[in-house]
Amino acid sequence: MARPDGKLSFETFPGEKSPQDECGVFGVWAPGEDVAKLAYYGLYALQHRGQESAGIATSTGSRINVYKDMGLVSQVFDESTLNTLTGHIAVGHCRYSTTGGSNWANAQPTLGATPHGTVALAHNGNLTNSAELYDSLIDKSGFPSRGEMAMGNTTDTALVTSLLAEHPHGSLEEAAMALLPQLVGSFCLTFMDEHTLYAARDPQGIRPLVLGRLERGWVVASETAALDIVGASFVREVEPGEFLAIDEDGLRSQRFAETRRAACVFEYVYLARPDTSIHGRSVYESRVEMGRQLAREHAVEADLVMPTPESGTPAAIGYAEASGIPFGNGLVKNAYVGRTFIQPSDTIRQLGIRLKLNPLQSVVARKRLVVVDDSIVRGNTQRALVRMLREAGAAEIHVRISSPPIKWPCFYGIDFASRAELIANGLAVEDIRESLGADSLGYISQEGMVEATEQEPHELCTACFSGRYPTELPAAEDLGKSVVEARRKPPVPASDAQLAEQPNQ
């Protein structure tokens with residue numbers, strides 16, 4: 001896609017977007033392999049996790065090179081760029097911003113100088129104690145005078161990088177083992193120095209991270225789909241609270257915290273690729289089963305089950321299977337919408353969702369429809385979709401959602417709307433139905449959603465649905481996307497400081 005800001009497409013409605021995950025991470029240790037291209041294809045498989053910026057760092061054993069920019073993986077890298085990224089270790093990242101703004105300074109991997117070499121670090125997740133960590137960094141060393149924070153990076157990733165660089169330990173490995181227990185929130189880290197690839201996952205295991213094996217090396221990645229695309233065999237998940245180090249001596253594992261598993265259930269609902277497996281369960285099969293359960297919980301007489309492309313497709317298939325109602329595609333999606341620098345005019349914007357989706361009138365006319373989607377955030381998309389299907393002649397429209405009502409914000413790496421903007425926060429289901437203009441509306445129960453994942457209920461984070469968070473949260477002013485910016489106090493320029501010290505003449 002060709003947007004200058006790197007986003008996949010123009011929003012159908014101003015301010016309306018699907019839930020977004022923060023990032024995808026990829027790391028590879030493989031002497032003799034073209035690690036930059038392995039990282040490139042790994043990030044390509046993880047593009048859905050972040051579309052604002054992308055970057056790859058590689059190490060030759062004596063030097064780390066990094067290249068990153070705003071845009072999609074395919075925009076940022078070309079053959080000539082990848083050919084300059086030589087070495088036997090690589091760390092890659094694709095970003096969606098949930099801490100720090102969407103700009104070049106905040107792209108990853110971050111770089112930092114330590115007493116023992118250089119660290120390049122990539123992060124998926126969101127720390128909830130960034131304010132506390134920032135204050136401790138300032139108390140320890142004052143305003144950062146070097147590294148990416150000194151150059152304007154305001155992410156929790158740069159904060160972790162700076163803290164690693166400040167630790168007075170004998171090695172980066174020792175520094176990491178001292179720092180990791182202090183991090184609160186969600187984090188899947190892949191990082192490296194000149195000789196070693198490292199990976200770590202928070203004690204709750206909120207975001208996924210997996211380990212794979214190459215013929216001549218190892219891979220860590222956010223999802224198993226990234227292992228598949230580079231030809232790595234799945235070994236196992238990186239366990240919650242586990243720290244890995246991979247070098248010429250092999251793979252080493254240490255525990256830095258006790259496991260308190262609380263994996264994000266929304267990975268199964270929407271975030272992860274359908275061809276990924278998480279904790280032994282296929283994401284695709286989970287979504288199909290959510291559809292089956294949705295049909296059992298909210299049956300209705302209808303002529304056709306249709307998805308909202310493409311996120312609603314597996315659940316719609318399951319709904320059709322369980323209900324016996326035929327499955328069909330009632331909408332055609334324009335895969336190229338937004339692939340232009342030309343901003344739509346106000347008149348074109350009024351066409352709303354037709355820029356992305358157009359109904360198959362011959363399929364939906366005079367039919368009683370079950371329209372299946374994965375979630376409702378503000379409701380603008382579903383409202384426009386219902387109106388469009390009615391204009392195409394649908395007799396009845398029954399909306400079915402394969403997740404419960406989203407009522408609470410996420411502080412662990414999903415960028416939902418604010419709580420005030422979440423339609424389910426202030427309205428009952430019947431009120432939402434009326435707002436959408438549907439004939440009926442049914443959400444899957446939380447119990448039905450969790451059962452479809454085949455995970456133990458106490459091992460899943462359901463905070464966005466239940467309001468029960470797996471970690472203690474700080475005060476509201478210490479949370480949010482701009483928490484580091486709010487605390488950041490640039491140093492007084494040297495010339496000004498010297499002038500201030502001069503006595504009045």
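Keep in mind the model is a prediction, meaning the values are calculated, not measured.

Draft legend 1. Region of interest: the packing of aromatic side chains. For the coordinates displayed, the defined rule picks out 12 aromatic pairs. Arranged with centres 5.5 Å apart and planes meeting at 45°, the rings of Phe411 and Tyr469 form a pair that is tilted. Of this pair, Phe411 sits in the loop between β22 (396-401) and β23 (414-415) while Tyr469 sits in the loop between α18 (463-466) and α19 (483-487), and the two are 58 residues apart along the sequence. Since its relative accessible area comes to 18%, Phe411 is described here as buried. In this structure an aromatic cluster arises from ring pairing among Tyr40, Tyr41, Tyr44, Tyr67 and Phe77. Above the face of the Trp218 ring, Arg213 is positioned so that its terminal group lies 4.1 Å from the ring centre. The ring of Trp408 has Arg419 lying over it, and the distance from NZ or CZ to the ring centre is 3.7 Å.

Draft legend 2. View of the side chain of Thr161. On the secondary structure map, Thr161 appears in helix α6 (residues 156-166). Of note is the side chain of Thr161, whose polar atom sits 2.6 Å from the side chain of Thr110.

Draft legend 3. Representation of the packing of α6 against helix α7 (residues 172-179) within the structure. Orientation of α6 relative to α7, taken along the N-to-C sense of each, is 120°, at an axis distance of 9 Å. Between α6 and α7, the interaxial angle falls into the category oblique. Considering the relative orientation of α6 and α7, their crossing is right-handed. Contacts between α6 and α7 involve Val160, Leu163 and Leu164 on the former and, on the latter, Leu172, Ala175, Ala176 and Leu179. Partitioning the contact of α6 with α7 into residue classes produces seven nonpolar, no polar and no charged.

Draft legend 4. Quick look at the sheet that holds strand β18 (residues 304-307). Sheet architecture is open: four strands sit in the order β18-β21-β22-β24, paired in parallel fashion. Because the sheet does not close on itself, it has two edges, and the strands there are β18 and β24 (440-443). This sheet shows a mean twist of 20° between the axes of neighbouring strands, independent of strand direction. Judged from the six bridges that link them, strand β21 (residues 368-373) and β22 form a sheet pairing that is parallel. Paired with Val372 across the bridge in β22 is Arg400.

Draft legend 5. Expanded view of the environment of Glu132. On the secondary structure map, Glu132 appears in helix α4 (residues 130-141). Taking the relative accessible area as the measure of exposure, Glu132 reaches 55% and is therefore exposed. When the C-alpha positions of Glu132 and Asp478 are compared, they lie 8.3 Å apart, and in sequence the two are 346 residues distant.

Draft legend 6. The arrangement of the pattern of salt bridges in detail. In this structure the tally under the stated criterion is 22 salt bridges. A salt bridge links Asp275 to Arg273, with the nearest nitrogen and oxygen atoms 2.6 Å apart. Asp275 gets classed as partly exposed once you look at its relative accessible area, which sits at 40%. Given the relative accessible area of 26%, Arg273 is considered partly exposed. Through salt bridges with shared partners, a single network forms among Arg49, Arg207, Glu223 and Glu267.

Draft legend 7. Quick look at the UniProt feature "binding site: Mg(2+)" (unreviewed entry) in the protein chain. Within this structure's numbering, the places UniProt gives as "binding site: Mg(2+)" (unreviewed entry) are Ser311, Asp373 and Asp374. Taken together, the annotated residues stretch across 64 residues yet fold into one region, lying no more than 6.8 Å apart by C-alpha. Considering only the residues just annotated, the second largest cavity is lined by Asp373. Here Asp373 is to be found in strand β21. Judged by its relative accessible area of 6%, Asp373 is buried. The residues touching Asp373, leaving out its near neighbours within four places in the chain, are Thr308, Ser311, Gly312, Gln382, Arg400, Ile401 and Ser402. Polar contacts involving the side chain of Asp373 include one to the side chain of Gln382, which spans 3.1 Å.

Draft legend 8. Layout of the state of the cysteines. Tallied over the full model, the rule gives zero disulfides. Here Cys461 stays unpaired: no disulfide links it, and the sulfur of Cys264, its closest cysteine neighbor, is 6.1 Å away.

Draft legend 9. Structural detail: helix α11 (residues 313-323). Buried residues of α11: Pro314, Ala315, Ala316, Gly318, Tyr319 and Ala320, and no others. Where α11 is buried, its residues contact α10 (283-297), β18, β21 and β22. Note on α11: the residue one or two positions beyond its end, Gly324, has a positive phi of about 80°.

Conventions and cut-offs
- Residues numbered from 1 in each chain as written.
- Predicted model: local features only at pLDDT ≥ 70, side-chain atom pairs only at ≥ 80, totals over all residues.
- Heavy atoms only, no water.
- Phe/Tyr/Trp six-rings, centres within 6.5 Å; stacked < 30°, edge-to-face > 60°.
- Helix = DSSP H or I, 4+ residues; strand = E, 2+ residues; numbered from the N terminus.
- Buried < 20%, exposed > 50% of the residue type's maximum accessible area, 1.4 Å probe, protein only.
- Lys NZ or Arg CZ within 6 Å of the ring centre and 35° of its normal.
- Polar contact = N/O pair within 3.5 Å; in protein donor to acceptor, adjacent residues only side chain to side chain.
- Axes fitted to C-alpha atoms, helices over the stretch in contact; angles between N-to-C directions.
- Parallel < 35°, antiparallel > 145°, perpendicular 65-115°, else oblique.
- Left-handed = near helix turned anticlockwise from the far one by under 90°.
- Contact = heavy atoms within 4.5 Å.
- Nonpolar A, V, L, I, M, F, W, Y, C, P; charged D, E, K, R; others polar.
- Pairing = 2+ DSSP bridges.
- Salt bridge = Lys/Arg side-chain N within 4 Å of Asp/Glu carboxyl O.
- UniProt positions renumbered as here; feature names shortened; annotations may be inferred.
- 1 Å grid on protein atoms, 1.4 Å probe; cavity = no way out; pocket = protein on both sides within 12 Å on 5 of 7 lines; lining within 4 Å.
- Disulfide = S-S within 2.5 Å.

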